[in-house]
Amino acid sequence: MYSHAWQTSSILSYVGEKMIPGETLHYLVMAVTALISVVATYMAITEKDLLKAVIFSALQSGMYAILYFLLLAPDILLVYIPVAVGLIPGVLIVLISKTERWEKE
Amino acid sequence: MRIVEIAVIILIVLAFGLLITVAFSYIAPGTRIRPLGEFYLYATYNPYDPIVRLFTVMSPEGVTAIVWDFRGLDTLFETSVFYLAIIGALALTRGLMPAPRSEEGQGLSVIVKSVTKITAPMILAVGASVGLHGHLTPGGGFQGGSVIAVIPMLMIVIFSVLFLAKRMNVTGFLILRSIGLAIIGFTGVALFIAGLVLGVPAWVFQNMPKPGAPLSMPVEVHGALISGTLWFFNLAEMVAVASGFSIAFLILLLVKEVEFRGKS
Amino acid sequence: MEPTEFLNLYLLSVTIASLLANVAISLYGVFYKPHYTKKIIAVSILSDSANTIAIFIGFRRWLSPSQPPSVAIATNLSREGIEKFANVGVDPLPQALVLTAIVIGLAVTLFLIYLGYMLYCHYKTLDMREIRRLKG
């Protein structure tokens, strides 16, 4: 039931006329997702507007959710998506609206 | 300037990867996993092997079996840590008075309100399905509870805080959470009490028959697998987690500016 | 090593290196950024990256180009199916421990947010250098 996704990826790489093996395609998507999460973390830490920092941290959590799917951990994924993309940014935005929004120098 | 910094960081990561490749054979994932992990995979549904059938859980889902049966005490104490965090947050905000707000004509437009009235029961159905099928498919108590906890947050944003606080107070959510925790506690000692009544040895948190303790929770009901205590634990944990999150939001949004009683 | 095996190992090490880079950047954020909410964001990124490293160690590679790893759920419940499942599934133990760790990290973050609101009510600012100077 879960293995047919990898047969699809081998079919896709065959159609792409390059014959990338399925295993390399799997690891390639994992590496690209991890690199995007590094960029999102850097932008979140060095941002002065705290609202944008929360949005960047939600983007990083989305990339981690894709990484959990690629590492074959669906239970963790189902906890992580409502918590780190929905609830924690929600509560952080409430805190920002009640306190300060801009981080001074 | 930001682009130069981002490019430098990506280049550092790529070069570090090249360095790790040389010394990677010691921490890389291989084609075999740890023997304990393989034992858990082999023993999670195994009524065939004559030795392993004494330790099996009769649930095809490996992670839920480890969380609620093989390492059940870890989950019990983690539930109590979450409970302590909610109690701490409640105790911190005891001195603040909720602000009296007058009218109820707030919230977003009519379109958003009608759509929310349609989709909120759907979210409830999805969360219940994820939570109650935890012993067969990926899911379980925490997952279902987190999905259901999105509903009060949506209602607070789209309607207003008073809309939720007038219908379902903080005390109501506390009662729901206590019911969930009570069901967890009772299911944990259910077989122990049954063993005391019948005069047969039984463990606390026991699920399936163990050597020397022949009592067992029901494995299936009319041909459908429920895996003993796993289904009851998932149901109670779903209710407890959802109401715990709702308490946290509701209190954070109800308190208004500082009104400390007495000294500051 | 043949080039395909080298490429596989390189992509896996790029993943683990970027997770370690995330840990490093968020540690820098916890220590050197003075605002309280920024520290909360950095702590949550740090705990998530540590959990992801734990799940990455429990991964299992492909046995052969036609035998990918499978999730830790047994679909074929016969006797031979269970034996094959134990040879192909990923490690379920780090996933169970990380589940507990995520919920505990979430509870601690919620409590930190409440503490931040109390700090603001008391000192009228959330800049930690200001609070240290006031020392009320």
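Since this is a predicted model, take the numbers as computed values, not measurements.

Q: Lay out the overall build of chain C with the relevant residues and their values.
A: Secondary structure summary: chain C contains five helices and zero strands in total. In chain C, the order of α-helices and β-strands from amino to carboxyl end is α-α-α-α-α. The C-alpha radius of gyration of chain C comes to 22 Å, more than 25% above the 14 Å expected for a compact globule of 136 residues. Its C-alpha atoms give chain C principal-axis dimensions of about 70 × 40 × 15 Å. Here the contacts in chain C between residues at least 6 apart in sequence split such that 52% fall between residues at least 24 apart. Element-wise, carbon and sulfur atoms account for 64% of the exposed surface of chain C, whose accessible area totals about 5,700 Å².

Q: Which residues make up helix α2 (residues 35-43) of chain B, and what values do they have?
A: Along α2(B), the residues classified as buried are G37(B), E38(B), Y40(B), L41(B), Y42(B) and A43(B). On its buried face, α2(B) sits against α3 (62-70) of chain B together with α3 (79-88) and α4 (93-123) of chain C.

Q: Which residues make up the pattern of salt bridges, and what are the values?
A: In the structure shown here, the tally under the stated rule is eight salt bridges over all chains. Two residues, R129(C) and D127(C), come together in a salt bridge whose shortest N-O distance is 3.6 Å. On the accessibility criterion, R129(C) (44% relative accessible area) is partly exposed. Across the pair R133(C) and E130(C) runs a salt bridge, and its minimum N-O distance is 3.1 Å. On the criterion of helical spacing, the pair formed by R133(C) and E130(C) is a turn pair, its members being three residues apart in helix α5 (residues 128-134). A residue is classified by how much of its surface remains accessible, and E130(C), at 32% relative accessible area, is partly exposed. A single salt-bridge network, built from bridges that share partners, covers E23(A), E5(C) and R61(C).

Q: Could you give me a rundown of a nonpolar patch on the surface, with the residues and numbers involved?
A: Residue and element names in this part refer to chain B. Taken together, the side chains of F186, F192, I193, L196, V197, L198 and V204 define a hydrophobic patch exposed on the protein surface, amounting to about 720 Å² of accessible area. Checked against the element boundaries, L196 lands in helix α9 (residues 170-198). With a relative accessible area of 61%, L196 lands in the exposed category.

Q: A description of the confidence of the model for chain C should follow, citing residues and the corresponding values.
A: Chain-level statistics for chain C give a pLDDT mean of 90 and a share of 99% at 70 or above. Per the prediction output, this complex has pTM 0.87; the corresponding ipTM is 0.90.

Q: An account of empty space enclosed by the protein is requested, with residue identities and associated values reported.
A: Within this structure, the stated rule accounts for seven cavities of 30 Å³ or more. Within this model, the largest cavity holds a volume of roughly 60 Å³. Looking at the largest cavity, the residues that line it are D75(A), V63(B), T64(B), V67(B), W68(B), G139(B), G140(B), G141(B), F142(B), Q143(B), N234(B) and L99(C). Residue assignment for the lining of the largest cavity shows that the elements contributing at least two residues are α3 and α6 (141-148) of chain B. In terms of residue count, α3(B) provides more of the lining of the largest cavity than any other element does, four residues in total. Looking at the lining of the largest cavity residue by residue, the classes come out as five nonpolar, six polar and one charged. The space that makes up the second largest cavity amounts to roughly 50 Å³. Every residue along the wall of the second largest cavity is listed here: I66(B), V67(B), R71(B), D74(B), T75(B), A96(C), L97(C) and T100(C). For the lining of the second largest cavity, the secondary-structure elements that each account for two or more residues are α3 and α4 (72-92) of chain B together with α4 of chain C. Among the elements that take part in the lining of the second largest cavity, α4(C) stands out by supplying three residues, more than any other.

Q: Residue-level account of unusual backbone geometry, with values.
A: Residue and element names in this part refer to chain B. Although it is not a glycine, M58 adopts a positive phi angle of roughly 60°. Counting through the fold element by element, M58 comes out in the loop between α2 and α3. Positive phi values are uncommon outside glycine, yet S227 reaches one of about 55°. Inspection of the secondary structure puts S227 in the loop between β2 (224-225) and α10 (229-254).

Q: Run through the environment of W231(B), naming residues and quoting values.
A: All names here are of chain B. Along the chain, the position of W231 falls in helix α10. When its relative accessible area of 27% is taken as the criterion, W231 is described as partly exposed. Here the alpha-carbon distance between W231 and L174, two residues 57 residues apart in the chain, equals 23 Å. When neighbours within four sequence positions are excluded, W231 is seen to be in contact with L132, H135 and I226.

Parameters at a glance
Residues numbered from 1 in each chain as written. Chains lettered and ligands numbered in written order. Predicted model: local features only at pLDDT ≥ 70, side-chain atom pairs only at ≥ 80, totals over all residues. Heavy atoms only, no water. Helix = DSSP H or I, 4+ residues; strand = E, 2+ residues; numbered from the N terminus. Rg over C-alpha atoms; globule rule 2.2 N^0.38 Å. Contact = heavy atoms within 4.5 Å. Areas by Shrake-Rupley, 256 points an atom, 1.4 Å probe, with all protein chains shown as cover. Buried < 20%, exposed > 50% of the residue type's maximum accessible area, 1.4 Å probe, protein only. Salt bridge = Lys/Arg side-chain N within 4 Å of Asp/Glu carboxyl O. Patch = residues over 30% accessible without salt bridge, like charges linked within 9 Å, V, L, I, M, F, W, Y side chains within 5 Å. pLDDT = per-residue confidence, 0-100. 1 Å grid on protein atoms, 1.4 Å probe; cavity = no way out; pocket = protein on both sides within 12 Å on 5 of 7 lines; lining within 4 Å. Points joined across faces, edges and corners; volume = space filled by probe spheres on them. Nonpolar A, V, L, I, M, F, W, Y, C, P; charged D, E, K, R; others polar.

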